[in-house]
Amino acid sequence: MATLVVPENVSYVDDARTLQKACQGWGTDEKAITSILGHRNAAQRKQIRLAYSELFQEDLVKRLESELTGDFEKAVYRWVLDPEDRDAVLANVAIRKSGDYHVIVEIACVLSSEELLVVRRAYHARYKHSLEEDLAAHTTGDIRKVLVGLVTAFRYEGDEINTRLANSEADILHDAIKDKAFNHEEVIRILTTRSKAQLMATFNRYRDDHGSSITKDLLDEPADEFKTVLRTAIRCINDHKKYYEKILRNAIKKVGTDEDALTRVIVTRAEKDLNHIKEMYYKKNSVALDQAVAMDTSGDYEAFLLALLGKEE
C-alpha cells in the first residue's frame, strides 16, 4: 500500500507553469514545489517533465537541481526521476562510495526480475556502461562474485517451490556457516540464482531444522563486508518491509539523522508499500513514522517527506 496522496484531475501544463513560476525570481517557492511534486505519481511526474520541456525548452530536473539545496534538493531530485532512473542513480552513487554495498543489494533483491532489468537498461542509457561492469570495476574477490551475481540475476517469479531442494540447500547453507565457509561457491550460487519463493522455503527449513534463523547465525559471527552483504541479501529477499523498517529506525535513532537512508526509503517506497512499513514502524517503536520524521527533520525537507508519507505538516 502506497502512502502517496494524488489528486484525481491534474493539468500537467498548469503544474509545469506553477513549477516554473516557483523557480523564477530571487527566491524559490519551495512550498509550491512540494504542493505539486509531493502529490504526483511517477506517470504524472513524467508528463509534467515533458510539459515543462515543451513549454520552457529546459529540463525540469536540471532546473530544480540548480534552484534547491541540501537534503530537500536531494529528495526532490530523486523523487522527480522515473523510478528506474532513480535506482540507476542510487546504484551509481553507491558504487562510487567504496564499501556502500547495501543499496546495491536492496535494488538487486527487492525489485522483481523485470524491474531489475529495466533499472539495468536505465543504467546503460545514463552512464554508457553496464551496472555489472561498473560494479566489477569497483570490487574484488568474493564481494565482486556475489554482487555481480545478484545484479545480473533474472529470478523465476512464480510461487512454485521444490521442498526436497529447500531441505538440501538449507543443509548446504548451515554447513557453510558452521564451517565458516561463507564464501563457498554453493552459498553464492544459491543466493544469486534461486527464486525468492524457493529461497524463503530454504530459509524456513533452515530455521525449522537448526533452531535459529540463518540471519541470526550469520550475525553471531564476527562482522565483515562479505557477511554483511549476505545478511542484507537474505533480509531483503525474506521480508523487505521488515528490512526497510529497520533502516528507517536506525536512520532516525542515530546521533544525527541519516538523511540519505531516510530519503532513500521514503522516496523509493512511497508509491509501493510504505503504508505497511509505517505500520511496522509504529508496532516496533510505539511512535508514528511521520511523527518521528517531523521530530528529526525540519523546514522544506520535512514538509516534502511528510507529503510523501501522506501527512501534511
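In this report, the structure presented in the accompanying data block is examined.

Rules and cut-offs
- Residues numbered from 1 in each chain as written.
- Predicted model: local features only at pLDDT ≥ 70, side-chain atom pairs only at ≥ 80, totals over all residues.
- Heavy atoms only, no water.
- Buried < 20%, exposed > 50% of the residue type's maximum accessible area, 1.4 Å probe, protein only.
- Axes fitted to C-alpha atoms, helices over the stretch in contact; angles between N-to-C directions.
- Helix = DSSP H or I, 4+ residues; strand = E, 2+ residues; numbered from the N terminus.
- Parallel < 35°, antiparallel > 145°, perpendicular 65-115°, else oblique.
- Left-handed = near helix turned anticlockwise from the far one by under 90°.
- Contact = heavy atoms within 4.5 Å.
- Phe/Tyr/Trp six-rings, centres within 6.5 Å; stacked < 30°, edge-to-face > 60°.
- Lys NZ or Arg CZ within 6 Å of the ring centre and 35° of its normal.

**Some words on unusual backbone geometry**
So, step 1. If you check the backbone angles, Gln-57 has positive phi at about 50° while not being a glycine.
So, step 2. Gln-57 sits in the exposed class, given a relative accessible area of 64%.

**Here we look at the packing of helix α11 (residues 163-178) against helix α12 (residues 185-193)**
So, step 1. Running from N to C, α11 and α12 cross one another at 135°; their axes reach a closest spacing of 9 Å. By the angle class used here, α11 and α12 are oblique. Every pair of crossing elements has a handedness; the one defined by α11 and α12 is left-handed. Note on element contacts: α12 touches α11 through Glu-186, Val-187, Arg-189 and Ile-190, opposite Glu-169, Ile-172, Leu-173 and Ala-176.

**Looking at the packing of aromatic side chains**
So, step 1. In total, this model carries four aromatic pairs according to the counting rule given.
So, step 2. Aromatic side chains Phe-72 and Phe-304 sit 5.9 Å apart centroid to centroid with 80° between the ring planes, which places their arrangement in the edge-to-face category. One end of the pair, Phe-72, is in helix α5 (residues 70-80); the other, Phe-304, is in helix α19 (residues 299-308), with 232 residues separating them in the sequence.
So, step 3. On the accessibility criterion, Phe-72 (6% relative accessible area) is buried.
So, step 4. Just above the ring of Trp-79 sits the side chain of Arg-45; from NZ or CZ to the centre is 3.8 Å.

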